[in-house]
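These are the residues of each chain, in order.
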Amino acid sequence: MTDVKQNNLWLDRKQRLQDAEKNVCWDIIIIGGGITGAGILKLASQLGIKALLLEQYDFAWGSSSRSSKMVHGGLRYMAEGQLRLTIESVRERQRLLAEVPELISQQSFVMSHYKKQFPWPWLFNYLLAIYDFFAGQKQRKYWLDRQFHYLVPGIENKSSRGGTQFVDALTDDARLVQRLIQESLQLGGQAINYAKVTGLAYDDEKVSGVAVQADSVLLDLTSKVVINATGAWVNQGFEQQRQRPNISSNNLRIRPLRGSHLIVASWRLPVASAISVLHPKDKRPVQIFPWQNVTVIGTTDVEHSD
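This section reports on the structure supplied with the text. (Residues numbered from 1 in each chain as written. Predicted model: local features only at pLDDT ≥ 70, side-chain atom pairs only at ≥ 80, totals over all residues. Heavy atoms only, no water.)

**Observations concerning the overall build of the chain**
The condition that has to hold: Only DSSP runs of H or I with at least four residues qualify as helices, and only runs of E with at least two residues qualify as strands; both kinds are numbered from the N terminus onward. The buried label goes to any residue with under 20% of its type's maximum accessible area, the exposed label to any with over 50%, and the partly exposed label to all in between, with areas taken from a 1.4 Å probe on protein chains only. Only heavy atoms matter for contacts: two residues are in contact if any of them lie within 4.5 Å across the pair. What sets the accessible areas is the Shrake-Rupley method with a 1.4 Å probe; for residues, cover comes only from the shown protein chains. Counted as positive: Lys and Arg. Counted as negative: Asp and Glu. His and the chain ends are not counted at all. Charge placement uses NZ in Lys and CZ in Arg. For Asp and Glu, CG and CD serve respectively.
Helix and strand content of the chain: eight helices and 15 strands. With the C-alpha coordinates aligned to their principal axes, the bounding extent of the chain is approximately 70 × 40 × 40 Å. For the chain, with 306 residues in total, the buried portion stands at 43%. For the chain, contacts bridging at least 24 residues in sequence account for 67% of all contacts bridging at least 6. In the structure as shown, the chain presents an accessible area of about 17700 Å², 54% of it carried by carbon and sulfur atoms. Each charge class in the chain can be summarised by its mean position, and for the 36 positive and 29 negative side chains these summaries are 9 Å apart.

**Remarks on the sheet that holds strand S4 (residues 141-143)**
Basically, it comes down to this: In this scheme, strands are said to pair when DSSP sees at least two bridges between them. Axis definition: a line fit to C-alpha positions, over the contact stretch in the case of helices; interaxial angles, taken between N-to-C directions, run 0 to 180 degrees.
Pairing is mixed in the open sheet, where seven strands are placed in the order S4-S5-S3-S12-S13-S14-S11. Whereas interior strands pair on both sides, the edge strands pair on one side only; in this sheet they are S4 and strand S11 (261-265). Strand-to-strand twist across the sheet, computed as the mean angle between neighbouring axes with direction ignored, equals 25°.

**Thoughts on the pairing of strand S13 (residues 285-291)**
Here strand S12 (residues 274-278) runs beside S13; their pairing, made up of four bridges, is antiparallel. Each residue of the ladder has a partner; that of Ile275, found in S13, is Ile288. Hairpin remark: S12 followed by S13, antiparallel, with six residues in the connecting loop; positive phi at Lys283, about 65°. Of the strand pairs in this sheet, S13 and strand S14 (residues 294-298) are connected by five bridges, and their pairing is antiparallel.

**Remarks on the sheet that holds strand S2 (residues 51-54)**
The six strands lie next to each other as S6-S2-S1-S9-S8-S7, forming an open sheet whose pairing is mixed. With partners counted over all chains shown, the strands left at the sheet margins are strand S6 (190-192) and strand S7 (195-203), one partner each. The average undirected angle you get between the axes of adjacent strands in this sheet is 35°. Contacting strand S1 (26-31), S2, S6, strand S8 (206-214) and strand S9 (217-228), helix H1 (residues 13-22) runs over the sheet at an angle of about 120° to S6.

**Regarding the packing of helix H2 (residues 35-46) against helix H7 (residues 173-186)**
Heads up, the condition is: Angle categories: roughly parallel below 35 degrees, roughly antiparallel above 145, roughly perpendicular from 65 to 115, and oblique for all the rest. By definition, any crossing whose near helix is turned counterclockwise from its far helix by less than a right angle is left-handed, and any crossing with a clockwise turn is right-handed.
At a minimum axis separation of 9 Å, H2 and H7 run at an interaxial angle of 25°. Put simply, H2 runs roughly parallel to H7. Crossing of H2 over H7 shows left-handed handedness. In this structure, H2 uses Ile35, Ala38, Gly39, Leu41, Lys42 and Ser45 to contact H7, whose residues at the interface are Leu176, Val177, Leu180, Ile181, Glu183 and Ser184.

**Topic: the nonpolar core**
Here is the rule: By nonpolar core is meant a set of buried Ala, Val, Leu, Ile, Met, Phe, Trp, Tyr and Cys residues that side-chain atoms within 4.5 Å join together.
Grouped together as the largest cluster of nonpolar side chains are 18 residues, with contacts concentrated most on Ile29, Leu52, Leu54, Ile192, Val210, Val212 and Leu221. The set of elements that each furnish at least two residues to this core consists of H1, S1, S2, S7, S8 and S9. Apart from the residues lying within four places of it in its own chain, the contact partners of Leu52 are Ala20, Trp26, Ile28, Ile29, Ile30, Leu41, Gln190, Ala191, Ile192 and Leu221. Residues Leu9, Ile30, Leu41 and Ala51 belong to the second largest nonpolar core, which totals 17 residues.

**Some remarks on the environment of Tyr142**
In plain terms, the rule: What qualifies as a polar contact is a pair of N or O atoms within 3.5 Å, subject to a donor-acceptor requirement within protein and to the restriction that residues adjacent in sequence count only when both atoms come from side chains.
Tracing the backbone through its elements, the reader meets Tyr142 in strand S4. Here Tyr142 falls in the partly exposed class, since its relative accessible area comes to 31%. Linking Tyr142 and Lys158, residues 16 residues apart in sequence, is a C-alpha distance of 18 Å. For Tyr142, the residues in contact, after removing those within four places along its chain, are His113, Pro121, Asn125, Arg161, Gly162, Gly163 and Thr164. Side-chain polar atoms of Tyr142 contact the backbone oxygen of Arg161, separated by 2.3 Å.

**Concerning H2**
Rules: Expected helix span is computed as 1.5 Å times (number of residues minus one). By construction, the arc corresponds to the directions joining the helix axis to the C-beta atoms.
Taking 1.5 Å of rise per residue, 12 residues should cover 16 Å, and H2 covers 16 Å from first to last C-alpha, within 8% of that figure. Inspection of H2 places Gly37, Ala38, Leu41, Lys42, Ala44 and Ser45 among the buried residues, and these make up the whole buried set. Viewed end-on, H2 has its buried residues packed into an arc of 165°, placing them on one side of the element. In this structure, the buried side of H2 is in contact with S1, S2, H7 and S6. Trailing H2 by a residue or two, Gly48 shows a phi angle of about 80°, which is positive.

**Points about the pattern of salt bridges**
Note on pairing: side chains with opposite charge can pair once their charged atoms come close. Stated formally: Any carboxyl oxygen of Asp or Glu within 4 Å of a side-chain nitrogen of Lys or Arg constitutes a salt bridge here.
As enumerated under the stated definition, the model contains 11 salt bridges in all. Between Asp132 and Arg140 there is a salt bridge, and its shortest N-O distance comes to 3.1 Å. Taking the relative accessible area as the measure of exposure, Asp132 reaches 6% and is therefore buried.

And the structure:
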């Protein structure tokens with residue numbers, strides 16, 4: 001590890017490119033400027049590791065600016081029996097609410113209950129009691145039919161058994177990525193956007209660096225470790241790696257799914273709480289929630305074979 005103390009936040013683009021090129025060998029090069037890549041860069045910078053992040057478009061350009069904006073405690077994980085993951089998610093949510101309230105804010109959620117329809121009020125509130133126990137505070141309330149109608153005007157009343165209100169959190173996902181990158185730069189990390197990795201370099205059969213195109217500049221950078229943090233794009237642009245006969249990950253593939261949201265003007269579908277509804281076909285939970293003067297509906301998960 002290298003003791004890095006230089007503040008790179010105020011460097012202009014030309015200086016960033018010069019800094020990337022002059023470093024003979026980076027400890028880590030991270031490909032992908034979304035939340036995963038930004039998180040890796042932040043941790044590496046905190047540890048004093050000489051790290052460089054490269055993003056082919058703008059930071060948070062892909063999934064990390066088009067997410068469901070939620071910082072949730074994993075209520076669905078608990079329903080699936082993944083208690084450890086739920087505990088970790090709830091505690092991380094509470095920590096983020098305490099540390100970055102300007103980026104993470106509490107949000108009211110509601111789930112309607114109907115006769116002969118899952119989830120039943122007693123079961124859902126039992127799960128929420130455990131959920132609140134992990135968070136260290138009670139954040140749930142069951143509303144009877146008449147009261148619930150005032151909380152969520154326009155909700156379907158036929159066969160209604162009221163609804164449950166609970167608390168999770170929302171974030172501005174793109175700003176969260178930017179925050180992590182800015183803090184990384186202050187700690188000595190380096191990040192360059194509009195810098196496309198066009199290929200990988202090898203030392204025998206070990207990845208030893210990357211070829212990068214940034215503006216009209218072509219760079220060959222070396223690194224002890226290269227991390228591909230491009231998410232759904234992980235299979236794109238690295239065909240030469242998979243064609244090498246002795247690479248152990250030769251047959252591994254990411255199966256990409258596409259998540260889509262509908263965005264409508266808030267005056268067309270005004271909501272104060274995030275409303276959980278069940279998809280009419282596969283009964284998967286879908287959220288209708290307020291975000292920056294619009295109402296967002298989603299998400300879907302469908303195969304993306306293109």
